[in-house]
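Take a look at the letters that make up each chain.
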Amino acid sequence: MTSYLIFVLKRFGQFLLVVFLGVTITFFVTHLTPIDPVEESIGAITQMGQSDPNAIELMRQSLRELYGMEGSIWQQYLHFWLRLATGDLGPSLSAFPTPVSTIILRSLPWTIGLMTVSTIITFVLGNAIGALAGYYRKDMVLKAVSLVFIALLPIPYYILAFVLLIVFGYLWPVLPINGGYEMNANLDLSFALVFDILKHSILPALSLIMVGAGSWLIGMRALVSNIITEDYVVFAELGGVPKRKILRSYIARNAMVPQFTGLAMSLGAIFNGTVITEIVFGYPGIGNLLIEAVHAGDYSLVLGLSALSIVGVAAAVFIIDILSPLIDPRIKVE
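What you see is a predicted model; the values in this text were computed from it and never measured.

1. Details of the overall build of the protein
The helix and strand inventory of the protein stands at 13 helices and 0 strands. Secondary structure elements of the protein, listed N to C terminal, follow the sequence α-α-α-α-α-α-α-α-α-α-α-α-α. Counting only contacts in the protein whose residues sit at least 6 apart along the sequence, the fraction spanning at least 24 positions is 74%. As displayed, the protein offers around 18,700 Å² of accessible surface, 68% of which is attributable to carbon and sulfur atoms.

2. Section: the nonpolar core
In this structure, Tyr-135, Met-220, Val-224, Ile-246 and Ile-251 are the most contacted members of the largest nonpolar core, which totals 16 residues. Of all the elements in the fold, those that place two or more residues in this core are helix H5 (100-135), helix H8 (191-227), helix H9 (231-238) and helix H10 (243-268). Excluding its chain neighbours within four sequence positions, the residues that come into contact with Ile-251 are Tyr-135, Val-224, Ile-227, Ile-228, Val-233 and Ile-246. Counting 15 residues, the second largest nonpolar core, distinct from the first, contains Phe-7, Phe-15, Leu-303 and Ile-322.

3. Considering helix H1 (residues 2-31)
In this model, H1 (30 residues) spans 44 Å end to end at C-alpha, consistent with the 44 Å of a helix rising 1.5 Å per residue. Those residues of H1 not exposed but buried are Tyr-4, Phe-7, Phe-15, Val-19, Gly-22, Val-23, Thr-24, Thr-26, Phe-27, Phe-28, Thr-30 and His-31.

4. Focus: the packing of H5 against helix H12 (residues 286-296)
One can describe the packing of H5 onto H12 by two numbers: an axis separation of 8 Å at closest approach and a directional angle of 140 degrees. As summarised for this structure, H5 and H12 are arranged oblique, according to the angle between their axes. Contacts between H5 and H12 pair Ile-103, Ile-104, Ser-107, Leu-108 and Thr-111 from the former with Ile-286, Gly-287 and Leu-289 from the latter.

5. Concerning H8
Its 37 residues place the ends of H8 only 46 Å apart at the C-alpha level, less than the 54 Å of an ideal helix rising 1.5 Å per residue. At Ile-202, H8 is deflected by roughly 40 degrees, the largest bend along its length, and proline Pro-204 occurs up to four residues later in sequence.

6. Section: the confidence of the model for the protein
Chain-level pLDDT for the protein is 78 on average; 86% of the residues reach the 70-or-more range. Within the protein, no element has a lower average pLDDT than helix H2 (residues 37-46), which sits at 67, and none a higher one than helix H6 (residues 140-152), at 87.

7. Some thoughts on the UniProt feature "transmembrane region" (unreviewed entry) in the protein
The UniProt record marks residues 12-32, 110-135, 147-172, 192-218, 260-281 and 301-323 with the feature "transmembrane region" (unreviewed entry), using the residue numbering of this structure. Annotated as 95% helix and 0% strand, the span residues 12-32 places its first and last C-alpha atoms 31 Å apart. In residues 110-135, helix accounts for 100% and strand for 0%; the two terminal C-alpha atoms are 38 Å from one another.

8. Some details on a nonpolar patch on the surface
A cluster of nonpolar side chains, contributed by Ile-155, Tyr-158, Ile-159, Phe-162, Val-163 and Ile-276, occupies part of the molecular surface with about 460 Å² of accessible area. Ranked by the residues each element gives to the nonpolar patch, the list is headed by helix H7 (residues 157-171), at 4 residues. Residue placement: Phe-162 occurs in helix H7. Classification of Phe-162 by relative accessible area gives partly exposed; the value is 41%.

9. Quick look at the environment of Leu-303
With respect to the element layout, Leu-303 can be found in helix H13 (residues 299-327). Look at Leu-303 and you get buried, because its relative accessible area is 5%. Linking Leu-303 and Phe-28, residues 275 residues apart in sequence, is a C-alpha distance of 9.9 Å. The contacts of Leu-303, once residues within four sequence positions are left out, are Val-23, Thr-26, Phe-27, Thr-30, His-31 and Phe-80.

Calculation notes
- Residues numbered from 1 in each chain as written.
- Predicted model: local features only at pLDDT ≥ 70, side-chain atom pairs only at ≥ 80, totals over all residues.
- Heavy atoms only, no water.
- Helix = DSSP H or I, 4+ residues; strand = E, 2+ residues; numbered from the N terminus.
- Contact = heavy atoms within 4.5 Å.
- Areas by Shrake-Rupley, 256 points an atom, 1.4 Å probe, with all protein chains shown as cover.
- Core = buried A, V, L, I, M, F, W, Y, C linked by side-chain atoms within 4.5 Å.
- Buried < 20%, exposed > 50% of the residue type's maximum accessible area, 1.4 Å probe, protein only.
- Expected span 1.5 Å × (residues − 1).
- Axes fitted to C-alpha atoms, helices over the stretch in contact; angles between N-to-C directions.
- Parallel < 35°, antiparallel > 145°, perpendicular 65-115°, else oblique.
- Bend = angle between axes of the 7 residues up to and from the residue.
- pLDDT = per-residue confidence, 0-100.
- UniProt positions renumbered as here; feature names shortened; annotations may be inferred.
- Patch = residues over 30% accessible without salt bridge, like charges linked within 9 Å, V, L, I, M, F, W, Y side chains within 5 Å.
- Salt bridge = Lys/Arg side-chain N within 4 Å of Asp/Glu carboxyl O.

Given below as structure tokens:
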């Protein structure tokens, strides 16, 4: 038990180091860009008629103070970590004075809903077909289905997204192609609103599922193909154990251990969003929000979104590491 606790503490230290380095790199990359949000704001104000040099200079100083951009870049870096330690991501530079956390929380549920559902469907579909195709290797139907998903795998998901948009939005217009719900919809929670949101998520989710299922299928089929040659599987077949039970209890359960590791990684990465898919379908997720923040030079919002993504992926890796010895007895803690 002591060795396991030491193992957990080491992994937690690695988790903190990854988060620190990731956020630090993001901070300096965003602050080295040529876009100055203060000057962008002043430029927008002067276009509306304000031209007094003294007033503009006072405004410049006030904005730099409000945006946390006073002093050298190292002073800004220290100030950023002090705010982050208290959970304060600061105000959005492009939507001042709205806090960054408020803006992120508006978009985050859309991305979590879309990515979680599509990831789980992709995982179940790909692994189910992969397990069947790996065990029943002579089945022609399974071969044909596997071939379709494997053929879709090399296609960039945004290309498939454009194809789906053209087919179901223009050639056969049966599904909505833009936004997360109908314009001017009543946002009070109701069955009609839920149905509307689900209908708008079909095409974005379908573009991710059709492309992503192939990788799970290939991995699961390879694992099953290796396991069916193991002695315990051969003995079970010679002993007359039904094939369904062999596949379910002897093969699939063992093959799923590394696949669950991949699932945890995929779920951790949902905070990255799907930038191009969200742009293609105008989906109001954090991927779309990130692009808008980059174009506006909104350092605070970019840092907030990047920190969320880094923490999500690093946390997924950390959880996988500490649970692996408990899930798979073949893994030993040293």
